[in-house]
Structures are given as C-alpha cells and as structure tokens.
Amino acid sequence: MMHLLETYLPNVSEIPQEFVTATWQTLYMVFWTALVAGILGIALGVLLVVIRPDGLLANRGIYEILDKLINIVRSIPFIILLTLLAVFTRFLVGTTIGEKAALVPLIIGVIPFFARQIENALLEVDPGVIEAAQAMGTSPAGIIFRVYLVEGLAAIIRASAVTIINVIGLTAMAGAVGAGGLGNLAITRGYNRFQTDVTLVATLLILVLVFISQFISNLVIKKISH
C-alpha cells in the first residue's frame with residue numbers, strides 16, 4: 001500500500017499528518033459555522049416569515065429593511081467579504097489568519113444565506129394548518145414552534161444540508177487566504193509548488209465531506225418522513 005502511495009502520490013506520501021491536520025481544521029470551521037450560523041439563521045428566517053406583510057406579526061418596514069440587507073450581504077463575493085471584515089475579524093479574535101479567524105466572515109456570510117433558505121422552507125408550510133392553529137387560539141409563539149418548525153422540519157433539514165455543503169466550499173475558499181484547512185493545503189502545497197497529487201487528494205477529501213453531509217441529511221429526511 002505504501003509503495004503504491006509513494007509511486008502514484010509521491011508528495012502526498014510525504015505529508016500525511018498535514019492532511020490529517022487540514023481535515024480537522026476544515027471540520028472545525030464547518031462545525032462552528034454550521035452551529036452558530038444555523039442558530040442565528042433559523043431565528044432570522046423565522047423572523048422574516050412572521051413579519052412578512054401577510055405574516056403572523058406583520059411589519060412591512062422591518063421586513064423590507066431585513067430583506068434588502070440580506071440581499072446585499074448575499075451579493076458580496078465571499079473572497080471580498082473576507083477582506084472587508086479583516087479589521088472586524090482582527091478586533092474580535094486578534095488575527096486574520098487561521099481557522100478561528102475564518103469563523104467570523106464564514107458565520108457572517110452564511111447567516112443571510114441560511115436565513116433565506118429557512119424562510120423559503122417555512123413558506124412551504126400549508127397555510128391551512130396555520131389558519132387552523134390560529135382559529136384554535138394558538139399564540140404566535142405556539143404557531144412558530146408547533147406548526148412552522150414541526151411541519152417544515154423536512155424542508156429545514158434539506159436547507160441545512162445545502163447550507164453545510166456551501167460552508168464546506170467556503171472553507172476551501174477561506175483556506176486560499178491563509179485560514180488553514182484542505183483549501184489552504186491544496187493551494188499552498190498543491191498549486192503553488194506544482195504538486196498536483198496534493199491538490200487532487202485535498203479536493204477528493206472535500207468531496208467526501210460533501211457526500212457524507214448529503215448522505216446524513218437524506219437519511220434524516222427519510223426517517224422523519226415515515
């Protein structure tokens with residue numbers, strides 16, 4: 001096995017520990033970004049649904065402001081967002097390099113994306129179910145937790161899977177500017193040193209993470225659908 005590795009992936013065989021470290025760095029960024037941006041994104045997505053002009057707590061003014069703000073942040077390419085938030089990132093974590101520093105732009109960039117996904121997921125909930133809950137005197141909080149979040153659970157999981165896959169891609173991009181992880185390894189060792197096998201293996205590992213996240217989400221969706 002080692003002979004085949006040294007023959008076909010000579011540069012990879014020299015730095016196995018770097019691949020392990022880079023993979024853990026990527027998982028670290030994905031986990032914390034998904035956790036923090038997930039919580040805040042769900043909260044913001046729910047807020048967007050309930051304050052829509054036809055929502056439970058309609059407030060057109062606030063909705064329009066949030067809607068436009070989300071569209072603006074989503075329109076900024078992530079590589080530019082990294083540089084725009086450099087001063088803020090340094091203020092929060094003391095540096096702009098490394099996986100911890102990458103969490104700041106990652107979270108800020110993912111929240112509006114996930115919030116929009118959650119908004120669209122919750123809008124799929126049957127309006128008749130919501131009207132029935134209102135007719136029974138259910139409070140807005142009760143409708144949010146017992147109707148929107150329960151009835152829209154499958155759609156929320158699908159949105160979460162899409163978002164996690166997007167986060168994995170963003171960590172690779174963040175890695176290109178010194179944030180660590182598989183993206184950083186692919187650029188600094190693979191591309192810059194013309195070590196194609198390193199770039200190839202790093203890319204394959206990123207794809208494996210994507211496939212695993214999609215597989216898990218599909219299993220969860222099937223389980224809750226039965």
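Residues numbered from 1 in each chain as written. Predicted model: local features only at pLDDT ≥ 70, side-chain atom pairs only at ≥ 80, totals over all residues. Heavy atoms only, no water.

**A short note on the packing of aromatic side chains**
Where two aromatic rings form a pair, the distance of their centres and the angle of their planes describe that pair.
Right, on to step 1. For the structure on display, the rule yields 1 aromatic pair.
Right, on to step 2. On the numbers, 5.1 Å between centres and 80 degrees between planes, the contact of phenylalanine 31 with tryptophan 32 is edge-to-face.
Right, on to step 3. Residue phenylalanine 31 is classed as partly exposed on the basis of its relative accessible area of 48%.
Right, on to step 4. Taking relative accessible area as the criterion, tryptophan 32 reaches 36% and is therefore assigned partly exposed. (Phe/Tyr/Trp six-rings, centres within 6.5 Å; stacked < 30°, edge-to-face > 60°. Buried < 20%, exposed > 50% of the residue type's maximum accessible area, 1.4 Å probe, protein only.)

**Notes on helix H12 (residues 196-225)**
Right, on to step 1. Relative to the 44 Å expected for 30 residues at 1.5 Å per residue, H12 spans 43 Å between its end C-alpha atoms, a close match to the ideal helical length.
Right, on to step 2. All of the buried residues along H12 are Asp197, Val198, Val201, Ala202, Ile206, Leu209, Val210, Ser213, Ser217 and Ile221. (Helix = DSSP H or I, 4+ residues; strand = E, 2+ residues; numbered from the N terminus. Expected span 1.5 Å × (residues − 1).)

**Brief notes about a nonpolar patch on the surface**
Right, on to step 1. Residues Leu153, Val208, Ile212, Phe215, Ile216, Leu219, Val220 and Ile224 make up a contiguous nonpolar surface patch of about 670 Å² in total accessible area.
Right, on to step 2. Counting residues per element, the nonpolar patch draws most heavily on H12, which supplies 7 residues. (Patch = residues over 30% accessible without salt bridge, like charges linked within 9 Å, V, L, I, M, F, W, Y side chains within 5 Å. Areas by Shrake-Rupley, 256 points an atom, 1.4 Å probe, with all protein chains shown as cover. Salt bridge = Lys/Arg side-chain N within 4 Å of Asp/Glu carboxyl O.)

**Quick look at helix H4 (residues 60-75)**
Right, on to step 1. Under the 1.5 Å per step criterion, the end-to-end length of H4 is 22 Å for 16 residues, consistent within 8% with the ideal 22 Å.
Right, on to step 2. Among the residues making up H4, those that are buried are Tyr63, Leu66, Asp67 and Ile70. In a view along the axis of H4, the buried residues occupy a sector of 105 degrees, so they form one face of it. Exposed and oriented more than 90 degrees from the buried face of H4 are Ile65, Ile72 and Ser75.
Right, on to step 3. Buried residues along H4 sit in contact with helix H3 (16-50) and helix H7 (99-122). (Arc of directions from axis to C-beta. Contact = heavy atoms within 4.5 Å.)

**Some points on the nonpolar core**
Right, on to step 1. Within the largest apolar cluster, 55 residues are counted, with the highest numbers of intra-cluster contacts made by Phe19, Phe78, Leu122 and Tyr148.
Right, on to step 2. No other element matches the 11 residues that H7 contributes to this core.
Right, on to step 3. Once you skip the residues sitting within four places of it in the chain, tyrosine 148 turns out to touch Val49, Leu56, Leu122, Val125, Ile130 and Ile143. (Core = buried A, V, L, I, M, F, W, Y, C linked by side-chain atoms within 4.5 Å.)

**Some details on the side chain of arginine 189**
Right, on to step 1. Here arginine 189 shows up in helix H11 (residues 181-191).
Right, on to step 2. Among the polar contacts made by the side chain of arginine 189, one reaches the side chain of glutamate 18 at a distance of 3.1 Å.
Right, on to step 3. Among residues more than four places away in sequence, those in contact with arginine 189 are Ile15, Glu18, Asn184, Gln195 and Val198. (Polar contact = N/O pair within 3.5 Å; in protein donor to acceptor, adjacent residues only side chain to side chain.)

**With respect to the environment of valine 36**
Right, on to step 1. Its place among the elements puts valine 36 in helix H3.
Right, on to step 2. With a relative accessible area of 29%, valine 36 lands in the partly exposed category.
Right, on to step 3. Valine 36 sits 51 residues away from valine 87 along the chain, and the two C-alpha atoms are 21 Å apart.

**Some thoughts on the packing of helix H8 (residues 127-135) against helix H9 (residues 140-151)**
Right, on to step 1. Running from N to C, H8 and H9 cross one another at 160 degrees; their axes reach a closest spacing of 11 Å. By the angle between their axes, H8 is roughly antiparallel relative to H9. The chirality of how H8 crosses H9 is right-handed. Contacts from Val129, Ile130, Ala133 and Gln134 of H8 reach H9 at Ile143, Val147, Tyr148 and Glu151.
Right, on to step 2. For the contact of H8 with H9, the per-class residue count stands at 6 nonpolar, 1 polar and 1 charged. (Axes fitted to C-alpha atoms, helices over the stretch in contact; angles between N-to-C directions. Parallel < 35°, antiparallel > 145°, perpendicular 65-115°, else oblique. Left-handed = near helix turned anticlockwise from the far one by under 90°. Nonpolar A, V, L, I, M, F, W, Y, C, P; charged D, E, K, R; others polar.)

**A few points about the environment of isoleucine 221**
Right, on to step 1. Mapped onto the elements of the fold, isoleucine 221 is located in helix H12.
Right, on to step 2. Remark: the alpha-carbon pair of isoleucine 221 and isoleucine 157, spanning 64 residues in sequence, is separated by 6.9 Å.
Right, on to step 3. Those residues within four positions of isoleucine 221 in sequence are excluded, and the remaining contacts are Ala154, Ile157 and Arg158.

**As for unusual backbone geometry**
Right, on to step 1. A positive phi angle, near 60 degrees, is found at phenylalanine 194, a position not held by glycine.
Right, on to step 2. Residue placement: phenylalanine 194 occurs in the loop between H11 and H12.
Right, on to step 3. For phenylalanine 194, a relative accessible area of 73% corresponds to the exposed category.

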